[in-house]
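Notes for the structure review
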Amino acid sequence: MKRSGLWRLNVVLLLLLGLLAMLSTAAGVKWYGPLSWFSASHLTQQILLTIRLPRTLAAILVGGMLALSGQLMQNVSHNPIADPSILGVNAGAMLALMIGGLMGLNLNIFNSLWLSILGAGLAFVVVLGLAMRRRGLDVLRFILGGTVVSSLITCIAYAIGILTNQTAQYRNLLVGGFANVTMPQVHALLVVMVILVIGVACFHKELSLLILDDSTARGLGVRPARTRLLASVLVVLSAAMAVAVGGNIGFVGLGVPQLVSFWHPDRLERNVLPTMLLGASFMLTVDILAKTLNRPNELPLSALSAICGGIFLMVMLNHKKVVVA
Amino acid sequence: MKTFTRYLIVIALALLATFACLMFGDIHLSLSQVLNALFGLGDHVSTLVIWQMRLPYVFAALICGSALAVSGLLLQQLTQNPLVDSSILGVNAGASLGAVLLIALSARYKALSVQTWLPLAAILGAGCALVLVQQTNAQHDRLRLLLRGVALTALLNGVILMLQLNMNSFDFERVLTWLTGSFWNVDGKFLAGYGLAAVVLLLLVWWFRADFNMLNLGDDMAQAAGVNINRTKRLLMSLAIALAAVAVAVGGAIALIGLMSPNIAKRLVGSQFTTRFAMSILVGCTLMLASNTVANNLFLPATLPVGLVVAVITMPYFLMLLFQKSEV
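One numbering rule holds for all chains: residues counted from 1, following each sequence as written. Lettering of chains starts at A and numbering of ligands starts at 1, both following the order in which they are written. Predicted model: local features are reported for residues with pLDDT of at least 70 only, side-chain atom pairs are reported and counted for 80 or more only, and whole-chain, interface and lining totals are derived from all residues.

Brief notes about the overall build of chain B
To keep things clear, this is the line we draw: Secondary structure elements follow DSSP: runs of H or I of four or more residues count as helices, runs of E of two or more count as strands, with numbering from the N terminus. The atom set for the radius of gyration is the C-alpha atoms, and the globule formula is 2.2 Å times the number of residues raised to the power 0.38. Remark: C-beta atoms are placed from the backbone, and a residue is labelled buried if 20 or more other C-beta atoms sit within 10 Å of its own, exposed if 12 or fewer do, or partly exposed between those counts. Think of it this way: build a C-beta for each residue from its backbone, and any pair within 7 Å is a contact.
Along chain B, the regular secondary structure elements total 14 helices and zero strands. Sequence-ordered secondary structure for chain B, helices as α and strands as β, is α-α-α-α-α-α-α-α-α-α-α-α-α-α. In terms of C-alpha radius of gyration, chain B reaches 20 Å, essentially the compact-globule figure of 20 Å for 328 residues. Referenced to the eigenvectors of the C-alpha coordinate spread, the extents of chain B come out at roughly 65 × 55 × 35 Å. Residue burial in chain B is summarised as follows: out of 328 residues, 50% are buried. Taking the contacts inside chain B whose residues are at least 6 apart along the sequence as the reference set, 75% of them involve residues at least 24 apart.

Here is the structure:
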């Protein structure tokens, strides 16, 4: 019964994703129906292939990646309110990208990837270092410390922007979005996605057992410190990649895993696929809204996702008996 | 006696910060030049610099510092939670949203002047935000209250960003400086109006100090002592909102001063409301003046928004405070 429920969920989500992907390639400044892939002029095909398709793929990959990394983070921190954007990881990547841009680095996909990994990693190490006690991770410190570090980093980024007269660049990073995604970026996203999936697949048992407290997990043959490190590396990698391509997109990792475990409470390893599918669908929906609601201008993706996430978090704190600490 | 000396020390620090604010800048003035100019004996240049360029900022810092500090004190008294202030609960973000909305609308409808409607917009926004944060039984759960504040701030900032991007780049910059906190208007009339409002509100708080102090005992004890709890709390809340709105109108969304000042004051003079009230004001003003001096001088000739400097100073303190609390 349980197993068939999972299958049904997966199939429904997959259909939803397919539908949204079709809608996403069709919608935009101008509407191209699904048939224009075959019949239309060379120009139309060119637009579909070089503009619409990379954008759709990037949204799918980033959504799936962020949702999965949110799930990992919630598992690691034993807390339903963990998310890379709350914990300062996104802000760190943003600051590094900004500094790199100011130092005259060419922000191609390779440079922006290592820069944002560096920034995200440093920020995460700081937050983790603040939250580590001798007994293990202190959850309250992790969340609130992360929030404060995050806003501190954002302030510094803005100060740098002012001092160097580069507020325009700050603005671009702040806004985010998939409008200018190119095929090489999609390839890089794909690589990171494969690494993430392989990592989770190889260590799914250990990662699932992290939800237990440390001594129990140790009794079951898991080394908590090492597993936590692995999960952190995966989280930082995927959050950094997402920032490098799409800007500061928050809260996807917060709501999506919560919803999936609400529909289908189960172990981490079984919920990986539905979480990724739902994350991708969510990201596609937001992206479609961003490019169609205010045509021909784009709405800022980061603001849309913050609004959705903020509402979700408020509702969550209101209704469910969420254990926050 | 100990309290008295501590007051003296903080007053001395506040004076020091004031004079630092008056002396340093693009044009450096000596102490005697400043004093001469203040008493009307100075030369032309120093009089102009002091009266036209420096003093307005000092007044703006005093208004913001005292209003934010007392607003934070009231909110901490209301929730009995030392980790709370108007910026954490999203009240500042609410007031900013009101103001940004007004700026966006005034670009379209010329009849809406930002100057006249600003206080109303800020107060409405701040009130809505506080109602949203407070609406349920979250008061008993301190951490949950903080997290609701975080969520609300993220949500409101998202809305602000949406509005911002539909503006022209001039308004965009204006809103951005607002959101990081800076004294955007130092016109004499403007400051006088808000200064008057701040003084009236502070006097009101002083008038009701006995009732507010009773809340320290807990609701039941305070009720037994003859305090009308619901009325007092409503009053406390409206005064806190009004003070936060005044501060946001003058200096934009300045973070965490309201958290830090009452806590430092508590450390210096204890949790008695009356003594803590005066001390919070002093500490808040000192912090704002010092931040203003740093903001204007650290990277000459560029100036930073005051709010940024305040954030960089106060956030580590918040972390420290947070960690002490969770130790217990």
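Following the structure, the description resumes.
Digging into the overall build of chain A
When you go through chain A residue by residue, the secondary structure sums to 14 helices and zero strands. The linear arrangement of helices and strands in chain A, starting from the amino end, is α-α-α-α-α-α-α-α-α-α-α-α-α-α. Here chain A has a C-alpha radius of gyration of 20 Å; the compact-globule value for 325 residues is 20 Å, and the two agree. Taken over the C-alpha atoms alone, chain A extends approximately 65 × 60 × 35 Å along its principal axes. Long-range pairs, those at least 24 residues apart, make up 77% of the contacts in chain A between residues at least 6 apart in sequence.

Here we look at the nonpolar core
The following threshold applies: Joined through C-beta atoms within 7 Å, a set of buried Ala, Val, Leu, Ile, Met, Phe, Trp, Tyr and Cys residues constitutes a nonpolar core.
Counting residues in hydrophobic clusters, the biggest one holds 213 residues, and the most contacted among them are V62 of chain A together with A245 and V246 of chain B. The greatest single-element share of this core, amounting to 17 residues, is contributed by helix 3 (residues 44-79) of chain B. When residues no more than four places from it in sequence are discounted, the contact partners of V62 of chain A are L189, A242, V245, G246, I249 and M283 of chain A.

Side note on the interface of chain A and chain B
Counted only if it meets this: As a working rule, the residues Ala, Val, Leu, Ile, Met, Phe, Trp, Tyr, Cys and Pro are called nonpolar, Asp, Glu, Lys and Arg charged, and the rest polar, with Gly in that last group.
Of the residues lining the interface, 32 residues belong to chain A; the matching set on chain B comes to 32 residues. Only helix 6 (139-163), helix 7 (167-175) and helix 14 (301-318) of chain A provide two or more residues apiece to the side of chain A that touches chain B. The element best represented in the side of chain A that touches chain B is helix 6 of chain A, accounting for 12 residues. Residues that form the side of chain A that touches chain B fall into these classes: 24 nonpolar, six polar and two charged.

A closer look at the packing of helix 8 (residues 183-202) of chain A against helix 11 (residues 224-246) of chain A
Residues and elements named next belong to chain A. Here is the rule: Axis angles are defined between N-to-C directions and span 0 to 180 degrees, where every axis is a line fitted to C-alpha atoms and, for a helix, only to the segment in contact. Geometric relationships in this document are graded by angle, where less than 35 degrees denotes roughly parallel, more than 145 denotes roughly antiparallel, 65 to 115 denotes roughly perpendicular, and other angles denote oblique. We call a crossing left-handed when the near helix sits turned anticlockwise from the far one by less than a right angle, and right-handed when that turn is clockwise.
Two elements in contact, helix 8 and helix 11, have axes separated by 10 Å at closest approach and are oriented at 165 degrees. One element, helix 8, and the other, helix 11, form an angle in the roughly antiparallel class. Crossing geometry of helix 8 relative to helix 11 is assigned as left-handed. In contact with Q185, L189, V192, I195, L196 and G199 of helix 8, helix 11 contributes L230, L234, L237, S238, M241 and V245. Class assignment for the residues of the contact of helix 8 with helix 11 results in nine nonpolar, three polar and no charged.

As for helix 4 (residues 91-108) of chain B
Short version of the rule: Here the expected length of a helix is defined as 1.5 Å per residue gap, with one fewer gap than residues.
Taking 1.5 Å per residue as the helical rise, helix 4 of chain B with its 18 residues ought to reach 26 Å, and the 26 Å between its terminal C-alpha atoms agrees with that figure. Inspection of helix 4 of chain B places V91, N92, A93, G94, A95, S96, L97, G98, A99, V100 and L102 of chain B among the buried residues, and these make up the whole buried set.

Observations regarding the packing of helix 4 of chain B against helix 7 (residues 169-180) of chain B
Residues and elements named next belong to chain B. Following both chains from N to C, one finds helix 4 and helix 7 inclined at 165 degrees, their axes separated by 11 Å at the closest point. Here helix 4 is positioned roughly antiparallel relative to helix 7, judged by the angle of their axes. Judged by the sense of rotation from one axis to the other, the crossing of helix 4 with helix 7 is right-handed. Contact with helix 4, carried on its side by S96, A99, V100, I103 and A107, involves D171, R174, V175, W178 and L179 of helix 7 and no other residues of that element.

Section: the UniProt feature "transmembrane region" (unreviewed entry) in chain B
Selection rule: UniProt positions are given in the numbering used here, feature names are shortened, and annotations may be inferred rather than shown by experiment.
With numbering aligned to this structure, UniProt lists the feature "transmembrane region" (unreviewed entry) at residues 56-75, 87-108, 114-133, 145-165, 190-208, 235-257, 277-295 and 302-323 of chain B. Annotated as residues 87-108 of chain B, this span is 82% helix and 0% strand, and its ends, taken at the C-alpha atoms, are 29 Å apart.

Topic: the UniProt feature "transmembrane region" (unreviewed entry) in chain A
Within the UniProt annotation, "transmembrane region" (unreviewed entry) is assigned to residues 52-73, 85-107, 113-132, 139-163, 183-203, 229-252, 272-290 and 299-317 of chain A. When the span residues 272-290 of chain A is considered, its composition is 100% helix and 0% strand, and the gap between its end C-alpha atoms is 27 Å.

Some thoughts on the confidence of the model for chain A
Selection criterion: Confidence scores here are pLDDT values: one per residue, from the predictor, ranging 0 to 100.
Confidence in the prediction for chain A averages 80 pLDDT; 91% of positions are at 70 or higher. Mean pLDDT across the elements of chain A bottoms out in helix 7 of chain A (68) and peaks in helix 8 of chain A (88).

Considering the confidence of the model for chain B
On average, residues of chain B score 83 in pLDDT, and 96% of them reach the 70 mark or higher. This complex was scored by the predictor with a pTM of 0.80 and an ipTM of 0.75.

Considerations on the environment of A126 of chain B
Residues and elements named next belong to chain B. Checked against the element boundaries, A126 lands in helix 5 (residues 114-134). We classify A126 as buried; it has 32 C-beta atoms within 10 Å. C-alpha of A126 to C-alpha of T274: the two residues are 148 residues apart in sequence and 26 Å apart in space. Beyond its immediate chain neighbours, meaning those up to four positions away, A126 contacts V91, G94, A95, I241, A244 and A245.

Overview of the environment of S85 of chain A
Residues and elements named next belong to chain A. Relative to the helices and strands, S85 is located in the loop between helix 3 (42-77) and helix 4 (89-102). Residue class for S85 comes out buried when judged on the 27 C-beta atoms lying within 10 Å of it. As for S85 and S150, which are separated by 65 residues in sequence, their C-alpha atoms are 8.0 Å apart. Excluding residues that lie within four positions of it along the chain, S85 makes contacts with N90, G250 and F251.

Some points on the environment of A255 of chain B
Residue and element names in this part refer to chain B. Along the chain, A255 turns up in the loop between helix 11 (229-251) and helix 12 (257-269). Since 28 C-beta atoms lie within 10 Å of it, A255 is described here as buried. Once the C-alpha coordinates of A255 and L130 are considered, the two residues, 125 residues apart in sequence, prove to be 16 Å apart. Beyond its immediate stretch of four places on either side in the chain, A255 contacts S87, G307, V310, A311 and T314.

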